[in-house]
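# Notes for the structure review
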Amino acid sequence: MSEETYTYLCNKLRPAMERQDTTFRECIPLKKRVAIALWKLATGSEYRSIGHLFGVSRTTVCRCVQDFCAAAEPLLVPELICSPDRQKFAEMAAYTENQWGLPQCVGAIDGSHIPILAPQEYHCDYFNRKGWHSIILQGVVDGKGHFWNVFAGMPGNMHDARVLRLSSLWELASRGNYFPPCTRDIGGVNAGYYILGDNAYPLQSWLLKPFPDTGRLTAKHVFDNKNICSARVVVENAFGRLKGRWRCLMKINDCDVKLVKSMVLTCCALHNLCESHGEDYDDGWNAPAAAEPGVAVAQGAEEEGTDIREGLMRYLNM
């Protein structure tokens, strides 16, 4: 990141991270403590090697990372990852429609696995269908790939639909308390704001996904699916850039699950910070796409958004 963004970050975290010299010891300067934590998050290197690099002990590196994430959660995450207001929702919808032609769409949702060492307790719950232990990061991004809702920490063997149902997003959106009441006629249907998901998620009035391929899809269905999938790629790209810039999320994390969750949320906030500040990104950093097994289709709660998806299909094929 640029020096300007780095200084901004130090100033934001200063109230919680700055230490004072004592009679017996000089404290590590704030900028160095932040740099140590950023190096760990950006590289995923071992504490010992980072300690050698910065001339501090392994314990000091560990403490810097813990203090950085503990400070970022209350001071950085709420500011950089927050529920949009009415004006922001309107801006996101306009941007997505301009880019992909989908009216009323304010983003896309997906889940990503963050590798961890097997926890001592309930380790089987964290063993995912890819064959390794992980926690799940559920993220919702806008058309620019900025996270505006995240939920992290669920065990890796949990289905995406189950993770969604345990999140505050589901609790609020399913009761009609998340998206502002701004509707528009789409193909003869009165539709509010919605996000896009894959077939792992339940179809809702606020969560649309492609028509399931039963072998009997019409050309109109296929065209609708193509448009939805094209726009939904933004969340996959966001995860790729998140992990490409903060590579601790790609390597097996030897911290306890609680700290890993804190690191994940911190990295999501740092992703938004760097993206919004226009920081350089090398496409060579992109996390390689993991081979995904067939997506398990969500069961139940599949009726509420049917009319809106049909209306969107008619709108796109006009």
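Check the entry above for the structure.
Owing to the predicted nature of the structure, the values given are computational and were not obtained by experimental measurement. (Residues numbered from 1 in each chain as written. Predicted model: local features only at pLDDT ≥ 70, side-chain atom pairs only at ≥ 80, totals over all residues. Heavy atoms only, no water.)

### Brief notes about the layout of surface pockets
It is the rolling of a water-molecule-sized probe over the atoms that shows where space remains empty. Cut-off, in case you're wondering: Cavity and pocket criteria rest on a 1 Å grid covering protein atoms alone: a 1.4 Å probe that fits but cannot get out defines a cavity, protein on both sides within 12 Å along at least 5 of 7 lines defines an open pocket, and an atom within 4 Å of a point defines a lining residue. Grid points are joined across faces, edges and corners, and a volume is the space filled by probe spheres set on the points. Segments assigned H or I by DSSP are reported as helices when at least four residues long, segments assigned E as strands when at least two residues long, and all are numbered from the N terminus. Residues are grouped as follows: Ala, Val, Leu, Ile, Met, Phe, Trp, Tyr, Cys and Pro are nonpolar; Asp, Glu, Lys and Arg are charged; all remaining types, including Gly, are polar. Note: domain ranges come from an automatic or database domain assignment.
Its volume calculated, the second largest pocket comes out at about 360 Å³. Lining the second largest pocket are 13 residues, and of these Met-1, Ala-42, Arg-245, Trp-246 and Trp-285 lie nearest its centre. Looking at the lining of the second largest pocket, the element that brings in the most residues is helix 2 (residues 30-43), giving five residues. Its residues assigned to classes, the lining of the second largest pocket shows seven nonpolar, two polar and four charged. Here the lining of the second largest pocket spans two domains, and each of domain 1 (3-78) and domain 2 (84-316) adds at least three residues to it.

### Side note on the environment of Ile-114
Which entries qualify depends on this criterion: Remark: exposure states derive from per-residue accessible area (1.4 Å probe, protein chains only) relative to the maximum for the residue type, with buried under 20%, exposed over 50%, and partly exposed in between.
Positionally, Ile-114 belongs in strand 1 (residues 105-115). A relative accessible area of 1% means that Ile-114 is categorised as buried. Through-space distance from the C-alpha of Ile-114 to that of Ala-72 is 19 Å; in sequence the pair is 42 residues apart.

### Looking at the packing of aromatic side chains
In this description, a pair of aromatic rings is defined by centroid distance and the angle of the planes. Under the convention used in this document: Working definition: rings of Phe, Tyr and Trp (its six-membered ring) pair if their centres are within 6.5 Å, and the pair is stacked with planes under 30 degrees apart, edge-to-face with planes over 60 apart, and tilted otherwise. Criterion for a charge above a ring: Lys NZ or Arg CZ within 6 Å of the ring centre, and within 35 degrees of the ring normal.
In total, this model carries 12 aromatic pairs according to the counting rule given. Centre to centre, the rings of Trp-39 and Phe-54 are 6.2 Å apart; their planes meet at 80°, and the pair counts as edge-to-face. Within this pair, whereas Trp-39 is found in helix 2, its partner Phe-54 is found in helix 3 (residues 47-54), the two being separated by 15 residues in sequence. Trp-39 gets classed as partly exposed once you look at its relative accessible area, which sits at 39%. Among the aromatic residues, ring-to-ring pairing joins Phe-89, Trp-148, Trp-170, Tyr-178, Phe-179, Tyr-193 and Trp-206 into one connected group. Sitting over the ring of Tyr-95, Lys-144 keeps its end group 5.3 Å from the ring centre. Just above the ring of Phe-211 sits the side chain of Arg-309; from NZ or CZ to the centre is 4.4 Å.

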